[in-house]
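Remarks on the overall topology
What follows is each chain in one-letter form.
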Protein chains: 2
Amino acid sequence: MAQPRARRSTAGASATSTAAKAHRELEPLRFEPVERDPAYTRVARAIEAKILARELRAGDALPPEMDLAQQFRVHRSTVREALRRLESAGLVKRPPGAKRMVVSRPAAAELASGMRHALVLHDVTFVEVWEAMMVIEPEVAALAAARRDQQDLQALTAVHEAFKSSPKGDPHAVEVVARFFELLGAAARNRVLVLAKQSLARVLAPSLARMIDKVPQARSRIADAQRRIIGAVHDKNAEEARRWMSKHVRDFKRGYELAGISPDTPVSVD
Amino acid sequence: MAQPRARRSTAGASATSTAAKAHRELEPLRFEPVERDPAYTRVARAIEAKILARELRAGDALPPEMDLAQQFRVHRSTVREALRRLESAGLVKRPPGAKRMVVSRPAAAELASGMRHALVLHDVTFVEVWEAMMVIEPEVAALAAARRDQQDLQALTAVHEAFKSSPKGDPHAVEVVARFFELLGAAARNRVLVLAKQSLARVLAPSLARMIDKVPQARSRIADAQRRIIGAVHDKNAEEARRWMSKHVRDFKRGYELAGISPDTPVSVD
DNA sequence: GTTGTCCTATTGTCCGACAATCCGACCGAG
DNA sequence: CTCGGTCGGATTGTCGGACAATAGGACAAC
């Protein structure tokens, strides 16, 4: 009883206000589409706004669903739909084995997965991703060289060793390559660039695996490039790091060509 | 009646199988946390998988919620929660004034909004964003110079004019600046870079507005830079485009310094 | 052809319910 | 007094079922 009334009244209000606003333009008589978004959207937006405004800070527990439902004058199911919305955006999450939801800041991983979906579904091709890497990675390497600390160096070396010692046909090797890029990003101390580049190496991974399989010299060339880059980063030689990374990324493309993989191959998922 | 049974059986099954698998290693006896994710998550993942595998293609209408519920042997509410998940990821959406949901590819705007949330909530500072722009924008300009067509030029010029003719204290001017960067991205014909850079100019917008207000010569410097960049793009002079964009972005930082805005100011929302 | 009417499928929202389980409080044994 | 058990309330995950609003289509009337 109460709910149909509420629903009708909100819909009616928005319709009439829109109509009233547009009523005076007589000439072409254009109306903007009457905005009519479901309750779960509004609830989600309301909570999202509170989070972005820092009224709810990361780590805070959200009020119980029932409380929210009462505050918004909405059924619990509706609140739940809104929560799923926020959950998928990474704004709230449930710590493993906890009951209440807590506010959280979107992690890099979530952004990256969204990016991956977008790239895959838009049939983005290998060249496009490669081009982006050509733009970003050398600079990241240069920044990393300038800012790395001892731990970064250590981690990079460890991954490099892991790559060298990975067995011949190991499908895990590409994973290690991706990790190398990630660590370099971390050493560059720029979260924006990290976010931007995060997904690049990852979406390339599947085809990279095929490439490494087909091109015998690929492994050693990658290992060599990594060694040189680590060397430059160790010496805090930004220019050198940039140059070698540039060469390294360029090599990827050459590898693809040698492997007979077309540059227009769309990146794929897994 | 049927549902509690189903719930119990899945939980029990995963628990016992995990235990059985780990049962033989006696030494440290490590168990991985028993995975127990709610039904709405699984449903969402199942549908997501079908989309990424192209079994559901962009534009296809999803089956009605009730059908999905029956197929998954799950209540309609559960399906709905899963759908909200996908909706927020941009994998499905409802075209305005349509009933069924249709599969869609995540638009740049959604990715960008996620990125914005992340940057804001992680207290990313102005310099970090600026640094990313320094890396990306000049190369984008260079690519744009190489690949622009007549329409790109036209659009860029239009926006440039709009900026020049925007009144003195117009808060809309920063919007126009952001648009300029977007158009340049479009002209560069690389969707990966567009996605990566999309949110940069936007998160800067609020503080950019303050900067323009405080620094009298900012407007004319921006206008000048735009003119030069458009000129280089017009001449297909990549090198020149890169140089001017580099200068342009560097100028932003100088503007901030002149305006007395600290480089460590966190980017804000709206 | 356009407009009005009617039907059906489907969504948005609600109600109410219940099992599982987390959490904190309380309590007895060492 | 700390530590491991026990118990009850709070909260979530999920379900069945309901109903109004509306998109979409078929079909008749103008």
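This section reports on the structure supplied with the text. A quick note: this is a predicted structure, and the numbers were derived from the prediction, not measured. (Residues numbered from 1 in each chain as written. Chains lettered and ligands numbered in written order. Predicted model: local features only at pLDDT ≥ 70, side-chain atom pairs only at ≥ 80, totals over all residues. Heavy atoms only, no water.)

Topic: the overall build of chain A
Helix and strand content of chain A: 11 helices and two strands. The secondary structure elements of chain A, listed N-terminal to C-terminal, are α-α-α-α-β-β-α-α-α-α-α-α-α. Expressed as a percentage of its 270 residues, the buried residues of chain A come to 45%. Contacts in chain A between residues at least 24 apart in sequence constitute 72% of all its contacts with a sequence separation of at least 6. Within the structure as shown, chain A displays about 14000 Å² of accessible surface, and the carbon and sulfur contribution to it stands at 53%. (Helix = DSSP H or I, 4+ residues; strand = E, 2+ residues; numbered from the N terminus. Buried < 20%, exposed > 50% of the residue type's maximum accessible area, 1.4 Å probe, protein only. Contact = heavy atoms within 4.5 Å. Areas by Shrake-Rupley, 256 points an atom, 1.4 Å probe, with all protein chains shown as cover.)

Observations concerning the nonpolar core
Ranked by size, the top nonpolar core spans 126 residues in total, and within it Leu-184 and Met-211 of chain A together with Leu-184 and Met-211 of chain B carry the most contacts. In this view, Leu-184 of chain B contacts Val-140, Ala-141, Ala-144, Leu-156, Ile-229, Val-233 and Met-245 of chain B; residues no more than four positions away in its chain are not counted. (Core = buried A, V, L, I, M, F, W, Y, C linked by side-chain atoms within 4.5 Å.)

Things to note about the packing of helix α5 (residues 108-121) of chain A against helix α5 (residues 108-121) of chain B
Helix-helix packing: each pair is described by the crossing angle between the helix axes and the interaxial distance. Closest axis-to-axis distance for the α5 of chain A/α5 of chain B pair is 10 Å, and the angle between their directions is 165°. By the angle between their directions, the pair α5 of chain A and α5 of chain B is classed as roughly antiparallel. Once α5 of chain A is placed against α5 of chain B, the crossing between them reads as left-handed. In this structure, α5 of chain A contributes Leu-111, Gly-114, Met-115 and Ala-118 of chain A to the contact, and α5 of chain B contributes Leu-111, Gly-114, Met-115 and Ala-118 of chain B. Across the contact of α5 of chain A with α5 of chain B, the residue classes break down as six nonpolar, two polar and no charged. (Axes fitted to C-alpha atoms, helices over the stretch in contact; angles between N-to-C directions. Parallel < 35°, antiparallel > 145°, perpendicular 65-115°, else oblique. Left-handed = near helix turned anticlockwise from the far one by under 90°. Nonpolar A, V, L, I, M, F, W, Y, C, P; charged D, E, K, R; others polar.)

Concerning the interface of chain B and chain A
Residue-level contacts link 47 residues of chain B with 47 residues of chain A. Across the interface of chain B and chain A, roughly 4600 Å² is buried in total on both sides, 61% from carbon and sulfur atoms. When the buried area of chain B at its contact with chain A is split by residue, Leu-121, Arg-191 and Val-192 of chain B rank highest and sum to 15% of it. Viewed at the interface, chain A and chain B are joined by 29 residue pairs in polar contact (both at pLDDT 80 or more). Of all the secondary-structure elements, those providing two or more residues to the side of chain B that touches chain A are α2 (39-52), α4 (76-89), α5, α6 (126-147) and α9 (191-214) of chain B. Ranked by residue count, the leading element in the side of chain B that touches chain A is α6 of chain B, at nine residues. Each residue belonging to the side of chain B that touches chain A can be placed in one class, and the counts come to 24 nonpolar, seven polar and 16 charged. (Buried area = accessible area lost by both parts, 1.4 Å probe. Polar contact = N/O pair within 3.5 Å; in protein donor to acceptor, adjacent residues only side chain to side chain.)

Remarks on the pattern of salt bridges
The full count for this structure, using the stated rule, is 50 salt bridges over all chains. The shortest N-O distance in the salt bridge between Arg-189 of chain B and Asp-152 of chain B comes to 2.7 Å. With Arg-189 of chain B in the loop between α8 (173-188) and α9 and Asp-152 of chain B in helix α7 (residues 150-165), this residue pair connects regions lying 37 residues apart in the sequence. With a closest N to O distance of 3.9 Å, Arg-228 of chain B and Asp-224 of chain B form a salt bridge. Of the two residues, Arg-228 of chain B and Asp-224 of chain B both sit in helix α10 (residues 218-234), four residues apart, roughly one turn of that helix. Assessed through its relative accessible area of 37%, Arg-228 of chain B is described here as partly exposed. In this structure, a network of salt bridges that share partners links the residues Glu-65, Arg-76, Arg-80, Arg-84 and Glu-87 of chain A together with Glu-81 and Arg-85 of chain B. (Salt bridge = Lys/Arg side-chain N within 4 Å of Asp/Glu carboxyl O.)

Side note on the relation of the copies chain B and chain A
Of the transformation superimposing chain B on chain A, the axial component is 0.0 Å and the angular component is 180°, with the fit at an RMSD of 0.1 Å. Viewed as a symmetry operation, the transformation between the two copies matches a two-fold axis. Comparing interface residues between copies, 100% of those in chain B also lie at the interface in chain A; the contact surface is shared. (Least-squares fit on C-alpha atoms with pLDDT ≥ 70 in both.)

Here we look at the packing of aromatic side chains
Scanning the entire structure with this criterion turns up six aromatic pairs over all chains. For the ring pair Phe-126 of chain B and Tyr-256 of chain B, a centre distance of 3.8 Å and an interplane angle of 10° mean the geometry is stacked. Note that Phe-126 of chain B is positioned in helix α6 and Tyr-256 of chain B in helix α11 (residues 238-258), a separation of 130 residues in sequence. An identical accessibility class is assigned to Phe-126 of chain B and Tyr-256 of chain B; each is buried. Cluster of aromatic residues (ring-pair linked, three or more members): Phe-180, Phe-181 and Phe-252 of chain A. The positively charged end of Lys-247 of chain A is found above the aromatic ring belonging to Trp-244 of chain A, 5.1 Å away from the centroid. Sitting over the face of the ring of Phe-163 of chain B, Arg-219 of chain B holds its NZ or CZ atom 5.4 Å from the ring centroid. (Phe/Tyr/Trp six-rings, centres within 6.5 Å; stacked < 30°, edge-to-face > 60°. Lys NZ or Arg CZ within 6 Å of the ring centre and 35° of its normal.)

Considering the layout of surface pockets
Roughly 480 Å³ of internal volume is contained in the second largest pocket. Residue lining of the second largest pocket: 22 residues in total, with Val-135, Glu-139 and Arg-242 of chain A together with Val-135 and Glu-139 of chain B positioned closest to the centre. If you list the elements that add at least two residues to the lining of the second largest pocket, you get α6 (126-147) and α11 (238-258) of chain A together with α6 and α11 of chain B. Counting residues per element, the lining of the second largest pocket draws most heavily on α6 of chain A, at eight residues. For the lining of the second largest pocket, a count of residues per class yields 11 nonpolar, two polar and nine charged. (1 Å grid on protein atoms, 1.4 Å probe; cavity = no way out; pocket = protein on both sides within 12 Å on 5 of 7 lines; lining within 4 Å. Points joined across faces, edges and corners; volume = space filled by probe spheres on them.)

Notes on the side chain of Ser-199 of chain B
All names here are of chain B. Structurally, the position occupied by Ser-199 is in helix α9. Judged by relative accessible area, which is 1%, Ser-199 ranks as buried. The residues contacting Ser-199, other than those within four sequence positions of it, are Ala-112, Met-115 and Arg-116.

Details of α7 of chain B
Residues and elements named next belong to chain B. With 16 residues, α7 should reach 22 Å at 1.5 Å per residue; the first-to-last C-alpha distance of 23 Å fits that figure. Turning to α7, its buried residues number three or more, namely Asp-152, Leu-153, Leu-156, Val-159, His-160 and Phe-163. What you see down the axis of α7 is that its buried residues fit within an arc of 135°, all on one side. Turned more than 90 degrees away from the buried face of α7, the exposed residues are Gln-150, Gln-151, Gln-154 and Ser-165. Along its buried surface, α7 packs onto α6, α8 and α10. Between the side-chain oxygen at the start of α7 and the backbone nitrogen of Gln-151 there is a gap of 3.0 Å, and the oxygen is on Asp-149. (Expected span 1.5 Å × (residues − 1). Arc of directions from axis to C-beta.)

Overview of the packing of α5 of chain A against helix α9 (residues 191-214) of chain A
Residue and element names in this part refer to chain A. Contact geometry for α5 and α9: axes closest at 9 Å, N-to-C directions at 55°. The angle between α5 and α9 falls in the class oblique. Considering the relative orientation of α5 and α9, their crossing is right-handed. On the side of α5, the interface is formed by Ala-108, Ala-109, Leu-111, Ala-112, Met-115, Arg-116 and Leu-119, while α9 contributes Leu-195, Ala-196, Gln-198, Ser-199 and Val-203. Of the residues assigned to the contact of α5 with α9, the class counts are nine nonpolar, two polar and one charged.

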